[in-house]
Number of protein chains: 2
Amino acid sequence: MSDNFFGEINPPQRLLMGPGPVNVHPRVLRAMSADMLGQFDPEMTEYMNQTMALYRQVFMTKNRWTFLIDGTARAGIEAALTSLIEPGARVLIVRAGRFGMLLSEIAERLGADIRTLDLEWGQVATLEQIEAALAEHKPAVFATIHGDTSTTTAQPLDGVGALCHQYGALSYVDATATLGGMPVKTDEWGIDIVTGGLQKCMGGPPGSAPITISDRAAEFIFSRRKVESGIKRDDISDGTRPFIRSNYFDLAMIMDYWSEKRLNHHTEATSMLYAARECARVMLEEGLQARFARHAAAGAAMTAGLRALGLTVYGQDAYRMSNVTGVYVPQDVDGERVRHRMREEYQIEIGTAFGPLAGKIWRIGAMGYNAELNKVRITLAALKEVLASERNGF
Amino acid sequence: MSDNFFGEINPPQRLLMGPGPVNVHPRVLRAMSADMLGQFDPEMTEYMNQTMALYRQVFMTKNRWTFLIDGTARAGIEAALTSLIEPGARVLIVRAGRFGMLLSEIAERLGADIRTLDLEWGQVATLEQIEAALAEHKPAVFATIHGDTSTTTAQPLDGVGALCHQYGALSYVDATATLGGMPVKTDEWGIDIVTGGLQKCMGGPPGSAPITISDRAAEFIFSRRKVESGIKRDDISDGTRPFIRSNYFDLAMIMDYWSEKRLNHHTEATSMLYAARECARVMLEEGLQARFARHAAAGAAMTAGLRALGLTVYGQDAYRMSNVTGVYVPQDVDGERVRHRMREEYQIEIGTAFGPLAGKIWRIGAMGYNAELNKVRITLAALKEVLASERNGF
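Keep in mind it's a predicted model, so treat the numbers as computed, not measured. (Residues numbered from 1 in each chain as written. Chains lettered and ligands numbered in written order. Predicted model: local features only at pLDDT ≥ 70, side-chain atom pairs only at ≥ 80, totals over all residues. Heavy atoms only, no water.)

Of regular secondary structure, chain A possesses 13 helices and 13 strands. Its C-alpha radius of gyration of 22 Å places chain A within 12% of the 21 Å reference for a compact globule of 394 residues. In chain A, buried positions account for 67% of the 394 residues. Sequence separation of at least 24 residues holds for 72% of the intrachain contacts in chain A that already meet a minimum separation of 6. In chain A, 41 positive and 46 negative side-chain charges are present, and the distance between their average locations comes to 3 Å. (Helix = DSSP H or I, 4+ residues; strand = E, 2+ residues; numbered from the N terminus. Rg over C-alpha atoms; globule rule 2.2 N^0.38 Å. Buried < 20%, exposed > 50% of the residue type's maximum accessible area, 1.4 Å probe, protein only. Contact = heavy atoms within 4.5 Å. Lys, Arg positive; Asp, Glu negative; His and termini not counted. Charge placed at Lys NZ, Arg CZ, Asp CG, Glu CD.)

Quick look at the side chain of Gln-155 of chain A now. Residue and element names in this part refer to chain A. Looking at the secondary structure, you find Gln-155 in the loop between strand S7 (153-154) and helix H6 (160-166). Its relative accessible area of 6% is what places Gln-155 among the buried residues. If we ignore the near neighbours within four places in the chain, the residues touching Gln-155 are Val-94, Val-124, Ala-125, Ile-130, Thr-144, Ile-145 and His-146.

Below, the discussion takes up the interface of chain B and chain A. Frequently, the measure chosen for interface size is the accessible area removed from exposure when the parts meet. In this assembly, 90 residues from chain B lie in contact with 91 residues from chain A. Contact between chain B and chain A buries roughly 7700 Å² in total, counting both sides, with carbon and sulfur atoms accounting for 57%. Linking chain B with chain A are 14 salt bridges. For Asp-41 of chain A, the salt bridge identified is with Arg-14 of chain B, shortest N-O distance 2.8 Å. (Buried area = accessible area lost by both parts, 1.4 Å probe. Salt bridge = Lys/Arg side-chain N within 4 Å of Asp/Glu carboxyl O.)

Residue and element names in this part refer to chain A. Feature annotation in UniProt assigns "modified residue: N6-(pyridoxal phosphate)lysine" (unreviewed entry) to the following positions: Lys-200. The topology assignment puts Lys-200 in the loop between strand S9 (193-195) and strand S10 (209-213). Of the residues examined, Lys-200 reaches a relative accessible area of 10% and is grouped as buried. With sequence-adjacent residues up to four places away left out, Lys-200 is seen in contact with Pro-19, Gly-20, Val-22, Thr-149, Thr-176, Ala-177, Met-367 and Gly-368. (UniProt positions renumbered as here; feature names shortened; annotations may be inferred.)

So, about the relation of the copies chain B and chain A. One copy of the chain maps onto the other through a rotation about an axis plus a displacement along that axis. Rotating chain B by 180° about the axis while translating it 0.0 Å along that axis superimposes it on chain A, leaving an RMSD of 0.0 Å. The relationship between the two copies is best expressed as a two-fold rotation axis. Residue Gly-71 of chain B of chain B places its C-alpha closer to the rotation axis than any other residue of that unit, at 2.3 Å. (Least-squares fit on C-alpha atoms with pLDDT ≥ 70 in both.)

Residue and element names in this part refer to chain B. Within the span of helix H8 (residues 215-222), buried status applies to Ala-217, Ala-218, Phe-220 and Ile-221. Around the axis of H8, the buried residues are gathered within 160° of arc, so they sit on the same side. Exposed and facing more than 90 degrees away from the buried side of H8 are Asp-215 and Glu-219. Buried residues along H8 sit against strand S2 (65-69), helix H3 (73-84), strand S8 (170-174), strand S9 (193-195), strand S10 (209-213) and helix H9 (251-258). (Arc of directions from axis to C-beta.)

Below, the discussion takes up the pairing of strand S13 (residues 361-365) of chain B. Residue and element names in this part refer to chain B. Within S13, five of the five residues are buried, which leaves it mostly tucked inside the rest of the structure. Burial of S13 is two-sided: the residues Ile-361, Arg-363 and Gly-365 facing one way and the residues Trp-362 and Ile-364 facing the other way are all buried. Here strand S11 (residues 324-328) pairs with S13 via five bridges, running antiparallel. Paired with Gly-326 across the bridge in S13 is Arg-363. (Pairing = 2+ DSSP bridges.)

With that settled, the discussion passes to the sheet that holds strand S8 (residues 170-174) of chain A. All names here are of chain A. One open sheet holds the seven strands; their spatial order is S2-S10-S9-S8-S5-S3-S4, and the pairing between them is mixed. Of all the strands in the sheet, just strand S2 (65-69) and strand S4 (113-118) have a single pairing partner and so form its edges. Between one strand and the next, the sheet's axes are offset by a mean angle of 20°, whatever the strand orientation. With three bridges connecting them, S8 and S9 associate as parallel partners. By the bridge assignment for S9, Tyr-172 is matched with Ile-193. (Axes fitted to C-alpha atoms, helices over the stretch in contact; angles between N-to-C directions.)

For the structure shown, the criterion picks out 70 salt bridges over all chains. Glu-228 of chain B is the partner of Arg-74 of chain A in a salt bridge, and the nearest nitrogen-oxygen pair spans 2.5 Å. Remark: Glu-228 of chain B occurs in the loop between H8 and H9 and Arg-74 of chain A occurs in helix H3 (residues 73-84); the pair is interchain, linking two chains. Each of the two residues, Arg-74 of chain A as well as Glu-228 of chain B, counts as buried. For Arg-281 of chain B, the salt bridge goes to Glu-278 of chain B, with nearest N and O atoms at 2.9 Å.

Right, dumping it as structure tokens:
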């Protein structure tokens, strides 16, 4: 057995201008250096309650059930879908990018009857298209991505919740890539469950997934509750519908954990809760509108700057996410060489792409702590130098 | 909408002598304050590789597939069972406490054909009992807890892996509560999958679950692989067996993510990886044997000290976990009042209990950074004062 235990953690100071994760706000890093509490200590449960109150503001909702899933953003997605989708239930999914595909991938694992509204990558669904699909398929659950970083496109959601209610569907939206950067209007949109992550516009590390759940969805989920036999209690009973096929992602038990019942489930990931709480505090101190405006300004500057470099920006201006911009790799350079030189010579990271866009576009983010004009300018200046150098061979 | 965003995180300085989480080693807290890297940056993938090498030593194994699950310890358990158990597969589970119950709970959610070796809480299964159950049930998967904190009891595992192989079962052990404190001899025991957590004897925060997987189990799991359609690649093919019913816990895709293939799956929880890496570094610098001896000394001192206070220690000395001690609440005091006073007057937390032991025993831990004689002495001295005060009414 080797006694090689390597050196202290010591990452380079790199400007992360990809599609996430991005640099973490220093206040969030500091918050994570606080020590643990017992999971049912009154100070800990008070921090949990505060985190719920803070994320209600972040999600622009009055939903009582607003809390954290202990895992990355993808854990939030799976918790929502696993709890909403009964085996064999019909689900309608909008697919116009990699993360729309992920929703149907997860639904397939759950044994759902999957119907899709398939669009070319980077397109958005109109309200008419969504209504036609709801009318045709009569799904129990409707699911879509808000901002799909794979295409840098944001799906408009005004009116979508009301349509879903009209056709009897519970609605789910993944807002991982937009939460904290673009308005996520849970109540105004009327969406039943919205999930997010910290590592993009919230300016935190990956590893915690904020979630908000309407009373209507919570009622449905509680009807699937199944309490572990090792911790049965008189005040919490099992539901009447088919139980949720995951313990870790059983939102009914997790809601009981976050409620005054404090049903023992997992041990809350304390450092990540501290991080999530501080991300929200930083955001709310800045103010939601100021923060959205800052992201919009950074995104507009990035788009304009890329065009000023003679590059072609991917996608439609009307549906562009404000926090990540796709840009075509010029034909006369090697996209991966450019990314490599940006990282090695300037310590700036820009992103590659997936699926049909792999090798065709770069994705350049300006999210959270990095949604600042100076960082946009630095990135553009470095890109200009690297492109010139590659083209001139010096 | 309120603009109440609460104050800075500021937990009291509390000595956590319950069954976990416990106080985090200061080096681990500091490691978490390092900033992010892009998830496929060479420095990040190198940190991932180092983490794999470190946890091979922690798990006392040569298993290539040794890495982290992004969630709490329970996420590691569910990832293992979800990936091992096909719908309808027969599973044999040892149940002698709350966490044994949790294994069957998760298996039930997965649609397993569950057989159990049920023992009174706090008992351990003998090799003969295990062999008889394997011979009777011929399970595809055998699962047990190593140290069940609900009963403070450690299940002996010498020879168990070989028996499972002999009867054709893949074996799983949950070592959440013992990893880093008692020897977890993955290879010597011949166990196929072992999972752990950070928040007990590893001296870290909850939120990351180390896992190790034998080649034999990995081969089985890869036969259930299902790559997301949004990121299909020519060099990774789907398996031939029924796919895993979770995306987040699909160990085949997670192994591809941790391998040189770097298949995109979740975004690794970077701060928690920094924490897990530092927990292992602290452990390996101390040395495995020295660390186990430190935990054993602290546990022995706790047990002896509780007896010296005239209290009755729960369970059998021969099978006691070295890092958490159960002790009967004396008949003449109110157990919850004592815990409350310990916390309020001394800032020391001791644990309550679950199920048939609820209200009957306290659980007092000495784990990780807190497995120190001075902390054991402080806890005992405070408990002595509180008991005397409660009895004398002053």
